[in-house]
Amino acid sequence: MYLNNLKLLFPTFALVCLSNASLASGISRDVRESAGIEQTEQNGGYFELGVGISSQNKIIFKGNEDENKTGLGARINLGYQWNGLFVDLNDDDGFSFGYNAINTEHWSYDLIGGRLLGIVKDNSDDFEVLRKRESAATFGVRATGFYDNHIFQFEVRQAQHDDFDGTQASILAGTSWQYRNLNTHLIAGIHYSSSGINDYYWGVNSEEATSEFAEYQLDDSVSFSTELGMTYPLSESWIVKGKLNYAYGSEEFANSPLRADDSQHFVSASAAIIYVF
Amino acid sequence: MTKIKLKNVKLKALMGTLVLLGQCLVHQASAESLDESSESLSSQASAELSISPEQCIALHQGQVCYQNVIIEWHADKMGDYCLFSKKLSRPINCWKKSASGKLAFDFQSAHSVVYQLRQMNDNLDVATAEMTVAWVYGNKKRRRASWRLF
């Protein structure tokens, strides 16, 4: 169940309300790998397999309070780009796909799509009485700037769903540096999510409200995230990597009846050993 | 007609003699040269140079790779030896009147480096060893890089 929660944290928690960079920063992989503008234009892909351990200070969903906050899981990172069309699925940045449309000396512009994961009864037994919060597609534009070891990213996405519409936006800045063969990176971000998205996923409408889930409406929200990560090469094919994330979530999100508590401070740590093909 | 034939036979005999003489001279000269070369080889030491570890792994291609390494050498003759890298004209370290040596140092390079043990009396390289720099993510091996699987 913990892992299910984590999966949800990536796209929903991250993109909808908290936007924990841990959780889908968008530039995490590029910063970790000190990527440059030249990599954005090349055809090809990556594939990595590994195992990792993660721990977080908070349980997100009501009803899961007794669950373990630490878990072991597989790490599968893969992505491919062909003539500008790309798809990425990795534990740094979550899932995204799109088209790398324009590249200048320092900036790369993408048309990007992704997915907001739904919140359903599988996430918590307590949610059986609630309406199903379905997954939704997101589409938008992303600009990524590469200046030496610094990467900046601006992104705006529109969520597409019959029952709601809303906008997400984020500004991220990341930098990386090397201490001997240890590669370290730091990312900070601000994330905006409009009321339409917040309310659909974390609000409780009058029809589903109960004594346990009081009616609740959410407004627009802004959250902040930081990530400190490290990567160390063991051989030409094996790496170990770790990261520490802190996110400050919005009050809107903290007060949602779906939440296990009203904390706005989220800390998570993870480490993994990865085979790079 | 007969005179001409006789002249031809004499000419052929003379040519044959000259060729044989030439071959003898060449043979003698090369034998002398071989002797000199053997003398030179016999004065040159033979040595073994080893580096441990032999590889430094960086995360990205082009990054400076850091590795604490130990270089050891053993020669069959006592002498003055110096350790050079192909990147530097001055020696990294020298040993006087020695037949072996050991050096620990902090390797820092973005590229592979060849080390040479030089016998200083003759200024001859007697052994070489290479410290290889490898990496996980080459410039064409990540997000937008070629699959190694296929």
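Residues numbered from 1 in each chain as written. Chains lettered and ligands numbered in written order. Predicted model: local features only at pLDDT ≥ 70, side-chain atom pairs only at ≥ 80, totals over all residues. Heavy atoms only, no water.

## Things to note about the overall build of chain B
Point 1. Along chain B, the regular secondary structure elements total 1 helix and 6 strands.
Point 2. Secondary structure of chain B in N-to-C order comes out as α-β-β-β-β-β-β.
Point 3. Partitioning the contacts of chain B with sequence separation of at least 6, the portion at a separation of at least 24 is 60%.
Point 4. Carbon and sulfur atoms form 56% of the exposed surface of chain B, whose accessible area is close to 9800 Å². (Helix = DSSP H or I, 4+ residues; strand = E, 2+ residues; numbered from the N terminus. Contact = heavy atoms within 4.5 Å. Areas by Shrake-Rupley, 256 points an atom, 1.4 Å probe, with all protein chains shown as cover.)

## Thoughts on the nonpolar core
Point 1. Ranked by internal contacts, the top residues of the largest apolar core, which has 25 residues, are L49, F107, Y115 and L117 of chain B.
Point 2. For this core, the elements supplying multiple residues, two or more each, are β1 (47-52), β2 (55-60), β3 (65-85), β4 (93-109), β5 (113-119) and β6 (124-137) of chain B.
Point 3. Here this core takes 7 residues from β3 of chain B, the largest share from any one element.
Point 4. In this structure, I60, A136, F164 and F266 of chain A belong to the second largest nonpolar core, which totals 21 residues. (Core = buried A, V, L, I, M, F, W, Y, C linked by side-chain atoms within 4.5 Å. Buried < 20%, exposed > 50% of the residue type's maximum accessible area, 1.4 Å probe, protein only.)

## A closer look at the confidence of the model for chain B
All names here are of chain B.
Point 1. When the pLDDT values of chain B are averaged, the result is 74; 64% of them are 70 or greater.
Point 2. The secondary-structure element of chain B with the lowest mean pLDDT is helix α1 (residues 2-43), recorded at 44, while β2 shows the highest, at 95.
Point 3. A low-confidence stretch, residues 1-11 stays under pLDDT 50, and its non-local contacts, those more than four residues away or across chains, total 0 contacts.
Point 4. Contacts from residues 17-22, a stretch scored under 50 in pLDDT, to residues over four places away or in other chains number 0 contacts. (pLDDT = per-residue confidence, 0-100.)

## As for the pairing of β5 of chain B
Residues in a regular strand point their side chains to alternate faces of the sheet.
All names here are of chain B.
Point 1. Summarising burial for β5: 6 of the 7 residues are buried, a large majority.
Point 2. Of the pairings in the sheet, the one linking β3 to β5 comprises 5 bridges and is antiparallel in character. Within β5, the position partnered with L83 by the bridge is L117.
Point 3. For β5 and β6, the ladder comprises 7 bridges, and the chain directions are antiparallel. Residue Q116 lies in a different strand from β6, and its bridge partner there is T128.
Point 4. Connecting β5 to the antiparallel partner β6 that follows it, the hairpin turn spans 4 residues, and N123 within it adopts a positive phi of roughly 55°. (Pairing = 2+ DSSP bridges.)

## Digging into the sheet that holds strand β6 (residues 136-147) of chain A
All names here are of chain A.
Point 1. Spatially, β1-β2-β3-β4-β5-β6-β7-β8-β9-β10-β11-β12 is the arrangement adopted by the 12 strands of the closed barrel, whose pairing is antiparallel. Direction aside, neighbouring strands of the sheet carry axes that sit 20° apart on average.
Point 2. Relative to strand β12 (residues 265-276), strand β1 (residues 44-56) is paired through 9 bridges, and the arrangement is antiparallel. Counterpart to G50 in the pairing with β12 is I274.
Point 3. This element, helix α4 (residues 195-202), spans β5 (107-116), β6, β7 (150-160), β8 (165-179), β9 (182-193) and β10 (221-233) of the sheet and lies at about 95° to β8. (Axes fitted to C-alpha atoms, helices over the stretch in contact; angles between N-to-C directions.)

## Remarks on the pattern of salt bridges
All names here are of chain A.
Point 1. Evaluation of the coordinates by the stated rule reveals 8 salt bridges over all chains.
Point 2. One salt bridge connects R142 with D110, and the closest N-O pair in it is separated by 3.1 Å. Linking R142 in strand β6 with D110 in strand β5, this pair joins segments that are 32 residues apart in sequence. A single burial state applies to R142 and to D110, both of which are buried.
Point 3. A salt bridge links R133 to E208, with the shortest nitrogen-to-oxygen separation between them at 3.0 Å. Remark: E208 occurs in the loop between α4 and β10 and R133 occurs in the loop between β5 and β6; sequence separation between them is 75 residues. Each member of the pair, R133 as well as E208, carries the same accessibility label: buried. (Salt bridge = Lys/Arg side-chain N within 4 Å of Asp/Glu carboxyl O.)

## Brief notes about the side chain of R118 of chain B
Residue and element names in this part refer to chain B.
Point 1. As for its placement among the helices and strands, R118 is situated in strand β5.
Point 2. Since its relative accessible area comes to 19%, R118 is described here as buried.
Point 3. Leave out the neighbours within four places in its chain, and R118 touches D80, Y81, C82, F84, N123, L124 and D125.

## Some points on unusual backbone geometry
Point 1. Cis peptide bonds are those with omega within 30 degrees of zero, and the linkage from S52 of chain B to P53 of chain B qualifies with -10°.
Point 2. As for its position among the elements, P53 of chain B is in the loop between β1 and β2.
Point 3. Non-glycine residue N83 of chain A carries a positive phi angle of around 50°.
Point 4. Note on N83 of chain A: relative accessible area 46%, which makes it partly exposed.
Point 5. The phi dihedral of D148 of chain A is positive, around 55°, even though this residue is not glycine.
Point 6. Structurally, the position occupied by D148 of chain A is in the loop between β6 and β7.

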